[in-house]
Amino acid sequence: MNQVTSHADRSGPVDLTCDVCIVGSGAGGAVAAATLASAGLRVVVLEAGPWAPAPTLTLQEERAMPRLYQERGGRSTADQGITVLQGRAVGGSTKVNWTTCYRTPDHVLDHWQRVHGLAHMRPDALAPWFDAVERRLGIHTWASFPPNGNNNVLQRGAQALGWEHHILRRNVSGCINSGYCGLGCPANAKQAMDVTFIQDALQAGARVLADVHIDHLTTEGERVTTAVGVSKPAPEDPAAPALPVTVRATHFISAAGAINGPALLLRSGITAGGRVGRRTFLHPVIAVVGEHAERLDPFYGAPQSVASHHFREPTGDRLGYFLEVAPMHPMLAGTAVAQHGPYVAKMLRRLPYFSGTIALGIDGFREDDHGGTVTLDGHRRPRLTYEVTAPKVAFMKQAHRTLAELQFAAGARHVYTLHRTRQVRLSSPRELDQLDALPYGTHQHTIFTAHQMGGCTMTASDGDGVVDPDHKVRGTRNLYVLDGSVLPTSLGVNPSETIYALSMRAASALAQAWT
Amino acid sequence: MDRRRFLKVSAAGAATLAVAGALGAWSTPARPTHAPPDLKALGPRTWAIVMALGPVFIGPDLTDPARLAGRVDDYLATVHPRASTEVQQGMELLENRLTNLWLVGVAKPFSHQDPAQQARTLDAWRTSEVALCATIYTALRKLIDGTFWGDPENYALTGYPGPYHLRPRTASHP
Ligand SMILES: Cc1cc2nc3c(=O)[nH]c(=O)nc-3n(C[C@H](O)[C@H](O)[C@H](O)COP(=O)(O)OP(=O)(O)OC[C@H]3O[C@@H](n4cnc5c(N)ncnc54)[C@H](O)[C@@H]3O)c2cc1C
Ligand code: SF4
C-alpha cells in the first residue's frame, strides 16, 4: 500500500502537482488529509519532521527530544522565560502528546459566539464531529489501569480537599500503561495521527512526504500557486544532500500548527493586515513537586489520567486554571528545576518518590489579554514573545499555593517550587504562607507550555482575525488554515480533540465544495 | 523588586553586557583543555568554557567533563546554526572578564577562576535580576543540565531504572 516517504527514499528534486497541498501532518493536517483524500481529491501532505514508526523509537529522552520536538527540543520564548514543548514528526504534536482528550467546553463555545461572532460554534453543531473523531480515535474514559503514582497524588489530594476531579478520557487502544507517550508510543497504542488519520489518508491515495520543510508559499494576486521548500536528511544522518521541493496545487491548507503556521504565512508575505502571529495562547504551565514517603515512579504509567477543574473560573484580577500532572523522566525533571549544582542533584536523587503536579492558566478570555506574538527573526525562523501580565502573575501565585496544598493533602513530606533565585522547600502545610512572599512570573520560576493555540485566529468580522469562519485566510482565494492556530482563545482543556473536530468539520465542507 | 526597577536594572545590565560582548577580545584565552581536533559545533574556546561550566552546573556527580562537553558539541551540531551561535555567545559573555568584573567584582575569565569563585559567579548569574542574565543562565542551564540528566549513563543517579522494559516489576507495572 501507499506509504509515507522520507528523505532517504528521494534521489532528486521533488516536483508535484495535486488538488490539495497540506503543510503539516498533526492534529489538523492529518484529519484534513484523510477527509479530503477520501472524497477523491488528490492530496499531498508535506511534513518537516520524520516518519517515526514504533520500532524506531528508543524511549530515551536524549534521542527522542531532538528527533520528535521542535528546534531539537530546545524551543522557548525569545527570552527563554517559557519552555515550549511542541512536536515535529509525522503526526505532529500528537506523536508526543499525553493523550488527554476533551470536547471544547460549552462555555468556551459560548464565549466564541458572543465575543468573536462565531455563530456556528454551537455544541449541537459540533457534536457530530466530536462523535466521529471519538469513534475513529477510540477516545474513552480510561479505566484500564488505576492512575499511576503521580496521578494518584492529584486524585488523593483533590479528594481530601473536596475539590472537583475526574478520570480523563484518552485516545488509546491497548495501552500497556508504559508512560512514554511523550517520547512516542512504543506499543502503537496511542491513537496518534501517524497510526490513524494519516493511514486513512494513505489508503485513500494521499501522498505523505516526511522530512520536507516548506519555506514559503508563492502567491499570484490573491491565489497561492506553489509551496516551496526543501527535503532534508535528519541532522544526525546528514549523508544525503538536501533536495528542493515544489508542489503546485489548486487549494492550499496550512496545518503547520501554532507558531510555525503563522511563521509560514509571514515568510510568504501573508500578514492579514498585521494580525498573523498575534493572539498566540499557551495555557502557561507552572509546576510544584511533592516528595512522598512511598515510591511513585512518576516516569512509568499513563502520563495523565486525572484532572481537576475546580479552579477553572477566573476572578477580576487573575486567570482561571486547571490542574493535571506531568510525567517526570530525568531530563525533563532535571531541566524543570530552575537551579544547578548539588541542589538539583540532591533533588533528583529522590526522583522515584516525586510527584509533579501542574496548573495550566486559561489565557485569552480577558479583554486585555492579547496573548503572545509570533514574528520572524533575521533567519526567517519563528520568534515568540509572550508577556506574563499581572492577571497571569496572579494565577501563578495562587496556583503555587493550590498545588502545594494539594501535595500536602496527598501526604507529601516536602514540597518544592521551581524558583530560579530561591531554593524553596516546604515541610508542612503550616509553611504555606511562605509562598506569599515569593516573586512570580517570567524568569522567577519555571514556566512551560505544551498547548500552543492561536496566531491565525478565526473571527466573523472582516477587519479582525486571520481566517473567516470557513477557515479561509482573509485576502486570499485558496488558502485555508486547519490547525490549532485558528483558535480565538485558549480552551481551558487540552486542545487536541477540539482541533481534530474543527478540522474534520471544515475539511468535510471543503470536500463538498471542491468535488 | 517591582517591575519598573527590574526593567531599569535590566537596561543597565544589558548595556554592560553589550559592551562586554563588543569587547570580547578583552578576554584572556580560556584555560587550555586540549579540545579534541574534531569539534563539530563548539570552537576550542567554547569547548574550554563548557569544560569549566560543567562541574559547576552539575557538581560532584560530573566525573567526566569531557564526555559532557562532547555531548554538548554533538547536540549543538544538530541545531540551527544561529541557535548554536547564540548559545555560544552566551558562553562567551559568562567567560568575559568585563562581565565578571561587573557581576561579581572579579576581573578574571570564568575558566580561570578557582572552583569556589566559579560557584559564586554562577550563583550570581542564577540570582541576577537582569533579564538578559536570566535568559543566558536559563539557556546554558537547560543545555548543560539537559545533556547531563538525559545521558543514560547518569540515570542511576536519579533512581530511574531506564526505559519501560528495564522497569522493576511491581503491581502497577507487571
Ligand atoms: C508534550 C506534549 C503533550 C501534549 N499533551 C496533550 C494532551 O494530553 N492532550 C491534548 O489534547 N493535547 C496535548 N498536547 C497538544 C496537542 O498535541 C496539540 O495541541 C495538537 O497536536 C496541535 O495540533 P496542530 O495540528 O495545530 O499542530 P501539530 O499537531 O503540532 O502539527 C503541526 C505539524 O506541522 C509541521 N510543520 C510545521 N511547520 C512546517 C513547515 N514549514 N513545513 C512542513 N511541516 C511543518 C510540524 O513539524 C508538525 O508536525 C500536547 C503537546 C505536547 C508537545
Ligand atoms: S502509556 Fe505507553 S502504551 Fe499507553 S499510550 Fe502512552 S506510550 Fe502508549
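Scoring rules and cut-offs
Residues numbered from 1 in each chain as written. Chains lettered and ligands numbered in written order. Predicted model: local features only at pLDDT ≥ 70, side-chain atom pairs only at ≥ 80, totals over all residues. Heavy atoms only, no water. Pairing = 2+ DSSP bridges. Helix = DSSP H or I, 4+ residues; strand = E, 2+ residues; numbered from the N terminus. Salt bridge = Lys/Arg side-chain N within 4 Å of Asp/Glu carboxyl O. Contact = heavy atoms within 4.5 Å. Buried area = accessible area lost by both parts, 1.4 Å probe. Polar contact = N/O pair within 3.5 Å; in protein donor to acceptor, adjacent residues only side chain to side chain. Domains from an automatic or database assignment. Near = heavy atom within 4 Å. Areas by Shrake-Rupley, 256 points an atom, 1.4 Å probe, with all protein chains shown as cover. Buried < 20%, exposed > 50% of the residue type's maximum accessible area, 1.4 Å probe, protein only. Nonpolar A, V, L, I, M, F, W, Y, C, P; charged D, E, K, R; others polar. Arc of directions from axis to C-beta.

Caption draft 1: Region of interest: the sheet that holds strand S5 (residues 139-141) of chain A. Residues and elements named next belong to chain A. On the basis of which strands lie adjacent, the open sheet formed by 3 strands has the order S4-S7-S5 and antiparallel pairing. Each edge of the open sheet is held by one strand with a lone partner, namely strand S4 (100-101) and S5. Where S5 meets strand S7 (residues 169-171), 3 bridges bridge the pair, whose relative direction is antiparallel. Across the sheet, Thr 141 pairs through a bridge with Arg 169, a residue of S7.

Caption draft 2: Inspection of the pattern of salt bridges at higher detail. Summed over all chains, the structure comprises 32 salt bridges over all chains. One salt bridge connects B:Arg45 with B:Glu92, and the closest N-O pair in it is separated by 2.8 Å. Highlighted residues: B:Arg45 in helix H2 (residues 44-58) and B:Glu92 in helix H4 (residues 81-95), separated in sequence by 47 residues. Taken together, the shared-partner salt bridges connect A:Arg103, A:Asp131, A:Glu134, A:Arg169 and A:Glu497 into one network.

Caption draft 3: Local environment of the interface of chain B and chain A. If you look at the interface, chain B gives 48 residues, while chain A gives 49 residues. Taken together, the two surfaces of chain B and chain A that pack against each other cover about 3,900 Å², and 55% of this comes from carbon and sulfur. At the boundary of chain B with chain A, the tally comes to 2 salt bridges. At the junction of chain B and chain A, the tally comes to 22 residue pairs in polar contact (both at pLDDT 80 or more).

Caption draft 4: Representation of the domain arrangement of chain A in the model. Residue and element names in this part refer to chain A. The domain boundaries assigned to chain A delineate domain 1 (7-58 + 88-138 + 185-277 + 455-514) and domain 2 (149-172 + 285-362 + 389-446). A C-alpha centroid distance of 33 Å is found between domain 1 and domain 2. Between domain 1 and domain 2, the contact holds 20 residues from the first and 17 residues from the second. Interface area for domain 1 against domain 2, summed over the two sides, is near 1,500 Å², with a carbon-plus-sulfur share of 49%. Among the residues domain 1 hides against domain 2, the three largest losses belong to Trp 98, Thr 99 and Tyr 102. Together they make up 36% of the total.

Caption draft 5: Representation of the site of ligand 1. Residues and elements named next belong to chain A. Around ligand 1 lies a shell of 41 residues, among which Glu 47, Ser 93, Thr 100, Gly 484 and Ser 496 are the nearest. Contact between ligand 1 and Ala 48: a nitrogen atom at 3.0 Å from a main-chain N or O atom of the residue. Ser 496 places a polar side-chain atom, nitrogen or oxygen, 2.6 Å from an oxygen atom of ligand 1. Calculation on ligand 1 without its partners gives an accessible area of 1,000 Å², and the protein chains cover 98% of this total.

Caption draft 6: The arrangement of the environment of A:Glu62 in detail. Inspection of the secondary structure assignment puts A:Glu62 in helix H2 (residues 61-68). Residue A:Glu62 is classed as partly exposed on the basis of its relative accessible area of 24%. Through-space distance from the C-alpha of A:Glu62 to that of A:Gly73 is 9.5 Å; in sequence the pair is 11 residues apart. Once residues lying within four places of it in the same chain are set aside, the contact partners of A:Glu62 are A:Met331, B:Arg71, B:Gly150 and B:Pro152.

Caption draft 7: Up close: the site of ligand 2. All names here are of chain A. Around ligand 2 lies a shell of 13 residues, among which Cys 175, Ser 178, Gly 179, Cys 181 and Cys 185 are the nearest. Partitioned by chemical class, the residues of the shell around ligand 2 number 8 nonpolar, 3 polar and 2 charged. For the shell around ligand 2, the domains that each give at least three residues are domain 1 (7-58 + 88-138 + 185-277 + 455-514) and domain 2 (149-172 + 285-362 + 389-446).

Caption draft 8: Representation of the environment of B:Ala35 in the model. Residue and element names in this part refer to chain B. With respect to the helices and strands, the residue Ala 35 is situated in the loop between helix H1 (3-22) and H2. Between the C-alpha atoms of Ala 35 and Ala 69, which are 34 residues apart in sequence, the distance is 9.6 Å. What Ala 35 contacts, discounting residues up to four positions off in sequence, is Pro 44 and Trp 47.

Caption draft 9: Local environment of helix H3 (residues 106-116) of chain A. Residues and elements named next belong to chain A. Among all positions in H3, only Val 108, Leu 109, His 111, Trp 112 and His 116 are buried. The buried residues of H3 occupy an angular sector of 155° when the element is viewed end-on, so they sit on one face. In H3, the exposed positions that point more than 90 degrees away from the buried face belong to Asp 106 and Arg 114. Taken from the residues just after H3, Gly 117 is the one with a positive phi, measuring 70°.

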